[in-house]
Amino acid sequence: MIYTFDSLNITDDTREAQEGVALLRCEQNAAYIQNSDFMTVAQLIERYDLDSVKIIGVTGTNGKTTTAAAIYSILNDLGYKAALQGTRGFFVADEFVAPKTHTTPPILQTLYHLFLAKKMGAEFFVMEVSSHAIDQNRIEGLEFALKVLTNISQDHLDYHKSMERYIATKSRFFADESLKLINKEETKIEYNLKNARTYAIEEMATYKIAAYSLEEGISAILQHGAQMVDFHSPLLGLFNLYNITAAIAAAHLVTNEPLERICEAVENFAGVRGRMEIVSYDPLIVVDFAHTPDGMQKVLESFPGKKIAVVFGAGGDRDREKRAKMGAVAARFATKVYLTSDNPRSEDPEAIISDIKQGVGEDVYCQTIIDRKAAIKQAIEELEKDEILLVLGKGDEEYMEIDDQKVPFNDVTVIEEILNSKISSGS
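Residues numbered from 1 in each chain as written. Predicted model: local features only at pLDDT ≥ 70, side-chain atom pairs only at ≥ 80, totals over all residues. Heavy atoms only, no water.

Visitor: Explain unusual backbone geometry to me, please; I cannot follow it from the model alone.
Guide: Excluding glycine, a negative phi dihedral is what most residues carry, and trans is how most peptide bonds are arranged. Going from Asp282 to Pro283, the amide bond is cis rather than trans, its omega being 5°. Within the secondary structure layout, Pro283 lies in the loop between strand S16 (277-281) and strand S17 (284-288). Here Glu216, not a glycine, exhibits a phi torsion of approximately 55°, which is positive. For Glu216, the position within the fold is in the loop between strand S13 (207-213) and strand S14 (218-224). One non-glycine residue, Met276, lies in positive phi territory at about 50°. Structurally, the position occupied by Met276 is in the loop between helix H8 (259-266) and S16. (Helix = DSSP H or I, 4+ residues; strand = E, 2+ residues; numbered from the N terminus.)

Visitor: I would appreciate a short explanation of helix H2 (residues 64-77) in the present structure.
Guide: Residues lying three or four places apart along an α-helix face the same way, a consequence of the helix completing one turn every 3.6 residues. Look at H2: 20 Å from first C-alpha to last across 14 residues, which is about the 20 Å you get at 1.5 Å a residue. When you tally the buried positions in H2, you get 13 out of 14 residues, the bulk of the element. (Expected span 1.5 Å × (residues − 1). Buried < 20%, exposed > 50% of the residue type's maximum accessible area, 1.4 Å probe, protein only.)

Visitor: When you look at the layout of surface pockets in this model, what are you seeing that I'm missing?
Guide: In this approach, a probe sized like a water molecule rolls over the atoms, and the result shows the empty space that is left. Here the second largest pocket is characterised by a volume of approximately 430 Å³. Lining the second largest pocket are 15 residues, and of these Leu214, Glu215, Ser302, Phe303 and Pro304 sit closest to its centre. Residues belonging to the lining of the second largest pocket are distributed by class as follows: eight nonpolar, three polar and four charged. (1 Å grid on protein atoms, 1.4 Å probe; cavity = no way out; pocket = protein on both sides within 12 Å on 5 of 7 lines; lining within 4 Å. Points joined across faces, edges and corners; volume = space filled by probe spheres on them. Nonpolar A, V, L, I, M, F, W, Y, C, P; charged D, E, K, R; others polar.)

Visitor: Teacher, can you tell me more about the packing of aromatic side chains here?
Guide: The geometry of an aromatic ring pair comes down to the distance between the two centres and the angle between the two planes. Counted according to the given criterion, the structure contains 13 aromatic pairs. On the basis of an interplanar angle of 45° and a centroid distance of 6.1 Å, the ring pair of Phe90 and Phe125 is categorised as tilted. On the criterion of sequence distance, the pair formed by Phe90 in strand S7 (residues 89-92) and Phe125 in strand S9 (residues 124-128) is long-range, its members being 35 residues apart. Neither residue differs from the other here; Phe90 and Phe125 are each classed as buried. Ring geometry for Phe173 against Phe174: centres 5.1 Å apart, planes inclined by 80°, an arrangement best described as edge-to-face. In this structure, Phe173 and Phe174 share a single accessibility class: buried. Through a chain of ring-to-ring contacts, the aromatic side chains of Tyr3, Phe5, Tyr48, Tyr112 and Phe115 assemble into a single cluster. Taking the ring centre of Phe173 as reference, the NZ or CZ of Lys147 above it sits at 4.5 Å. (Phe/Tyr/Trp six-rings, centres within 6.5 Å; stacked < 30°, edge-to-face > 60°. Lys NZ or Arg CZ within 6 Å of the ring centre and 35° of its normal.)

Visitor: Is there a simple way to explain empty space enclosed by the protein in this structure?
Guide: The full count for this structure, using the stated rule, is three cavities of 30 Å³ or more. Estimates place the volume of the largest cavity at around 50 Å³. Forming the walls of the largest cavity are Ile45, Leu50, Asp51, Val53, Ile55, Leu114, Gly141, Leu142 and Glu143. Taken together, the residues of the lining of the largest cavity sort by class into six nonpolar, one polar and two charged. Looking at the second largest cavity, its volume works out to about 40 Å³. What lines the second largest cavity is simply Gln85, Gly86, Gly89, Phe90, Pro99, Lys100, Thr101, His102, Pro105, Gln109 and His113. Of all elements in the fold, only strand S6 (82-86), S7 and helix H3 (107-119) reach the threshold of two or more residues within the lining of the second largest cavity. Along the lines of polarity and charge, the residues of the lining of the second largest cavity split into three nonpolar, seven polar and one charged.

Now the structure itself:
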């Protein structure tokens, strides 16, 4: 793709380089460039003064999207103009600028988004940083004002091949001397202690939760040195307390605004579509993107003492090792389990579900329904008044990946259609 930086047309695709279109040399295309007629990442950054925008990078297995969006929301509420790049797309202040592509796109696209953010007056650029992007150096040349770690649990082993390599990739992001904000309770990460700050709920940390309640949202008291500041959030779940704590700490580190003012802005952040999104209150139906054993457990643990029905599957052509573990987590917390399709890609959905079912066991009510809409419909029809329905795995995704096709499908839309149909039929 060709990007236009004012008078400069530039591409990272060697096939598109021609008269009037410059070629950017980067990690991904270096092997294909046969001559010296190119521009480097450093030259492009310097030419447009892109490092004048403060970049905040958020990485971790779970919580990247919510934490990044919360930081972005708080910064804008504080009066700073901030941009956000990630799985939800690209935004500057309250304006949607471009749709989502990758969690972390190729470096030229990120630089173009930085260029647009700067032109629109943004002081901060908050971005999600995936393990793939770290491994492939899709963040080359970027200077981060702050790097944030949410957590590490099993995911993407189809790519990284082992947890050790996955952890090493994440750790590489925190090996330099830049300012870092680390989840103190994530013991698997290795990081450079220089310029490192921490946050935690249970452990002593730079930013420590002294007390909290998870009834009807989140209420908590944050301790930072001798300061004690309270905050409130409409979000649900202990894992969102971690996300919000990270966001508060990040905003404090990059702005040095009073913690009281930052905490006041928390209440305005209502969350991210498809992340613990309440689709219906009666019955209570929640959609979340959780697609790992740890992610599922964090969501399911958010409703202690409640009866839970859960609909989920697992992605095809991805880490098979996590499937039975996801099944075991569902069986441990839910009273009803509905196994279904979730982006089967080139794999047989029945085979994927069979892998998951190995972890479910025989002691929990479990239905196998390959058609995801049918699975959600049956789960709603069988939902008792005292039960909560969780639909997990796809979040705000707008399609189902089947073979080589992207078939339109959105969990929230499907749930709303089923509920409206029930109302109109009087059932």
